[in-house]
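If you want the building blocks of each chain, they are given just below.
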Amino acid sequence: MSIVAIVGRPNVGKSTLFNRMIQRREAITDSVSGVTRDRHYGRSDWNGKEFSLIDTGGYVVGSDDIFEEEIDQQVELAIDEADAILFMVNAEEGITPMDEDVATLLRKVTKPVFLVVNKVDNNQREQDAYEFYNLGLGEYYSISSMNGSGTGDLLDEVVKILPDTEEEKVDDLPRFAVVGRPNAGKSSFINALIGEERYIVTDIAGTTRDSIDTKYNRFGFEFNLVDTAGIRRKKKVREDLEFYSVMRSVRAIEHADVCILMLDATRGFDGQVQNIFWLAERNRKGIVVLVNKWDLVDKETNTAKEYEAMIRKEMEPFTDVPIVFISVMNKQRIHKAIETAVAVYKNRSKKIKTSQLNEVLLPLIENYPPPSLKGKFVKIKFITQLPTPQPQFAFFCNLPQYVRDSYKRYLENQLRKHFDFNGVPISVYMRKK
Ligand code: GDP
Ligand code: GDP
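Thresholds, definitions, all that
Residues numbered from 1 in each chain as written. Chains lettered and ligands numbered in written order. Predicted model: local features only at pLDDT ≥ 70, side-chain atom pairs only at ≥ 80, totals over all residues. UniProt positions renumbered as here; feature names shortened; annotations may be inferred. Helix = DSSP H or I, 4+ residues; strand = E, 2+ residues; numbered from the N terminus. Buried ≥ 20, exposed ≤ 12 C-beta atoms within 10 Å, placed from the backbone. Domains from an automatic or database assignment. Contact = placed C-beta atoms within 7 Å. Nonpolar A, V, L, I, M, F, W, Y, C, P; charged D, E, K, R; others polar. Near = placed C-beta within 6 Å. Pairing = 2+ DSSP bridges. Axes fitted to C-alpha atoms, helices over the stretch in contact; angles between N-to-C directions. Expected span 1.5 Å × (residues − 1). Right-handed = clockwise from strand over helix to strand, strands pointing away. pLDDT = per-residue confidence, 0-100.

The name that an unreviewed UniProt entry assigns to the protein chain is GTPase Der, with the source organism given as Nonlabens xylanidelens. Regarding the protein chain, the UniProt comment filed under Sequence similarities (unreviewed entry) reads as follows: "Belongs to the TRAFAC class TrmE-Era-EngA-EngB-Septin-like GTPase superfamily. EngA (Der) GTPase family." Entered under Subunit (unreviewed entry) in the UniProt record, the comment concerning the protein chain runs "Associates with the 50S ribosomal subunit."

The following block contains the structure:
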């Protein structure tokens, strides 16, 4: 999957363009999961080509004085990590010193950069846009994010240069990605897995330019590890930037079946960890949460239980996720961590027979049918699992549009109760029959 990043100073219209580009898909996923999280990362497609879109502006949190530095760092990260960069400026205001700064960084780049002049809502603005040639980035695209004009031409050109992402699956082994904030212990975990060289079966070229897939045979399991933690960055950047961990996680997550989300027990399930969690959930990947550095926590009888409850609270409504307390340093429960990831992988690839689904669910539905809406009664006739890599279920009924999200959640909960989908996001669709 290619990554397209939108950079530029605040208020030029980045998030307006972002929302326009992801609109349709987001509407679909959000109505199913019922959650709205990180609004700055999404999937988009144009002319049949799918890509991930990141609005870097959403991750700027600096106060005024560190603002500029932070934007520069984000541009540098985008340069390193994205496949194409949309540099947005504002025709209403013309070139500002911050635009010049960003342009200076971008002129050195060999990656495709699209200069996007926004807020070109009328002919006068079209004239004003000429001044942006002075940024030394060549041709520009004038658009109005607000009314959409010019965005089609821009997208035509963007998807033309994106690499074809025909993903070659090398084998059918589970693909695990270890993700999390810097310093959670990801490299230590991977080193512990490697242990001795003999556990590594082969090194194969990663599916992306900067991830390495390594085939392991460890604790009696065979799997591929999508390793981005091991690839250290060339330039020095502030690793505490939220944007940093998002960028580092996106690729790994997209290429994995199961995300092993590692957190530092002394820091907890904080905002950055949550963002990575929802990134994985939105990509419909399996998830295992590892609470690492458990050796550093003072423990009483219920410490683990309480800690776990606290994490589950933050995960709502997707709480059916395994949480394993580990210490990489003491080599505690590393085996259990991998075993759990394998179990989640199996849950994600599980296929339930139509007959079994109907046998279990139809009586439950009969006992608790969808509440009537505007005097209409929904009759669910049968259920089937779709032949997709991750669990999706179609409920065939007379009036699919009359089923509320809360009832879909009920159906999801019943699926989870009767079939083991621990660690796996599942999708419930109502279909017309
Ligand atoms: P960001 O900070 O770069 O993400 O900018 P926003 O997307 O939040 O937009 C900043 C302001 O510019 C908002 O008030 C938008 O409604 C407005 N805006 C965005 N795109 C356009 C446009 O094409 N034309 C006009 N006139 N206003 C726009
Ligand atoms: P990464 O940035 O996520 O790859 O994190 P590292 O693997 O580089 O680990 C960050 C720091 O945490 C290092 O100093 C490790 O030695 C330390 N560390 C990793 N796992 C543990 C653990 O289980 N317990 C303790 N106390 N420290 C750990």
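Engineer: Got a sec to walk through the overall build of the protein chain? Specific residues and values, please.
Structural biologist: Tallying secondary structure elements over the protein chain gives 12 helices and 16 strands in all. Considering the protein chain as a whole, with its 433 residues, one finds that 41% of them fall into the buried category.

Engineer: If you had to explain the domain arrangement of the protein chain to someone new, which residues and values would you point to?
Structural biologist: When its domains are assigned, the protein chain resolves into domain 1 (3-161), domain 2 (175-349) and domain 3 (354-432). The interface is formed by 13 residues belonging to domain 2 together with 10 residues belonging to domain 3. Going through the elements one at a time, β12 (286-292) and α10 (334-348) are the ones with two or more residues in the side of domain 2 that touches domain 3. For the side of domain 2 that touches domain 3, the per-class residue count stands at 7 nonpolar, 2 polar and 4 charged.

Engineer: Please set out the site of ligand 2 residue by residue, giving values where relevant.
Structural biologist: Inspection of the region around ligand 2 gives 15 residues, with G185, K186, S187, S188 and M329 positioned closest. In terms of residue class, the shell around ligand 2 is made up of 6 nonpolar, 6 polar and 3 charged.

Engineer: Before we move on, could you go through the sheet that holds strand β3 (residues 49-55) and cite the residues and values that matter?
Structural biologist: With respect to topology, 6 strands assemble into an open sheet ordered β2-β3-β1-β4-β5-β6, the strand pairing being mixed. Where the open sheet ends on each side, the last strands, each with one partner, are β2 (41-46) and β6 (140-142). With strand direction ignored, the average angle separating the axes of adjacent strands in the sheet is 30°. Sheet topology note: the strand β4 (residues 84-90)/strand β5 (residues 113-118) ladder contains 6 bridges and is parallel.

Engineer: Summarise the environment of D72; cite the residues concerned and give the values.
Structural biologist: Position of D72 among the secondary structure elements: in helix α2 (residues 64-81). When the C-alpha atoms of D72 and E306 are compared, they prove to be 41 Å apart, with 234 residues separating the residues in sequence. Among all residues touching D72, those that are not within four sequence positions of it are D101 and L105.

Engineer: Go over the sheet that holds strand β15 (residues 392-397) with me, naming the residues and quoting the values.
Structural biologist: Read across the sheet, 3 strands follow the order β14-β15-β16 without closing on themselves; strand pairing throughout is mixed. Every other strand in the sheet has two partners, leaving β14 (380-385) and β16 (427-432) as the edge strands with one partner each. Ignoring strand direction, the axes of neighbouring strands in this sheet form an average angle of 25°.

Engineer: For the site of ligand 1, give the residues involved together with the corresponding values.
Structural biologist: Taken together, 15 residues surround ligand 1, and among them G13, K14, S15, T16 and M146 come closest. Counting residues per element, the shell around ligand 1 draws most heavily on helix α1 (residues 14-33), at 3 residues. Residues of the shell around ligand 1, tallied by class, amount to 3 nonpolar, 9 polar and 3 charged.

Engineer: Would you mind going over unusual backbone geometry in detail, with residue names and values included?
Structural biologist: For residues other than glycine, phi is negative in most cases, and the peptide bonds are mostly trans. In this model, E316 is joined to P317 through a cis peptide bond whose omega is 5°. For N183, which is not a glycine, the phi torsion comes out positive at approximately 75°. Mapping N183 onto the fold places it in the loop between β7 (175-180) and α6 (186-194). Even without being a glycine, K293 presents a positive backbone phi close to 65°. Mapped onto the elements of the fold, K293 is located in the loop between β12 and α9 (303-315).

Engineer: Summarise α10; cite the residues concerned and give the values.
Structural biologist: For α10, with 15 residues, the first-to-last C-alpha span of 21 Å sits near the 21 Å given by 1.5 Å per residue. Among all positions of α10, only I334, A337, I338, T340, A341, V344, Y345, N347 and R348 are buried.

Engineer: Break down the pairing of β14 for me, with residues and values.
Structural biologist: Of the strand pairs in this sheet, β14 and β15 are connected by 5 bridges, and their pairing is antiparallel. Residue I380 lies in a different strand from β15, and its bridge partner there is C397. Between β14 and β15, which pair antiparallel and follow one another directly, the connecting turn spans 6 residues.

Engineer: Provide a residue-level description of the pairing of strand β11 (residues 258-264), including the pertinent values.
Structural biologist: The buried fraction of β11 amounts to 6 of the 7 residues, a majority that puts the element mostly inside the structure. In this structure, β7 lies alongside β11, joined through 5 bridges in parallel fashion. For G180, the partnering residue across the bridge sits in β11 and is M262. Where β11 and β12 come together, 7 bridges link them in parallel fashion. In the sheet register, L261 faces β12, and the bridge partner there is V289. Handedness of the β-α-β unit built from β11, helix α8 (residues 271-282) and β12 comes out right-handed.

Engineer: Any chance you could break down the environment of L357 for me, citing the residues and the numbers?
Structural biologist: Looking at where L357 falls in the secondary structure, it is placed in helix α11 (residues 354-367). The exposure class assigned to L357 is partly exposed, which follows from the 19 C-beta atoms found within 10 Å. Here the alpha-carbon distance between L357 and L415, two residues 58 residues apart in the chain, equals 8.6 Å. Dropping the residues within four chain positions of it, L357 is found in contact with I352, I383, T384 and Q385.

Engineer: Give me the confidence of the model for the protein chain: which residues, what numbers.
Structural biologist: Across the protein chain, the average pLDDT comes to 85, with 84% of residues at or above 70. Of the regions scoring below 50 in pLDDT, residues 27-37 engages in 14 contacts with residues more than four places distant in sequence or in other chains. Reported confidence for the predicted complex is 0.75 by ipTM and 0.76 by pTM.

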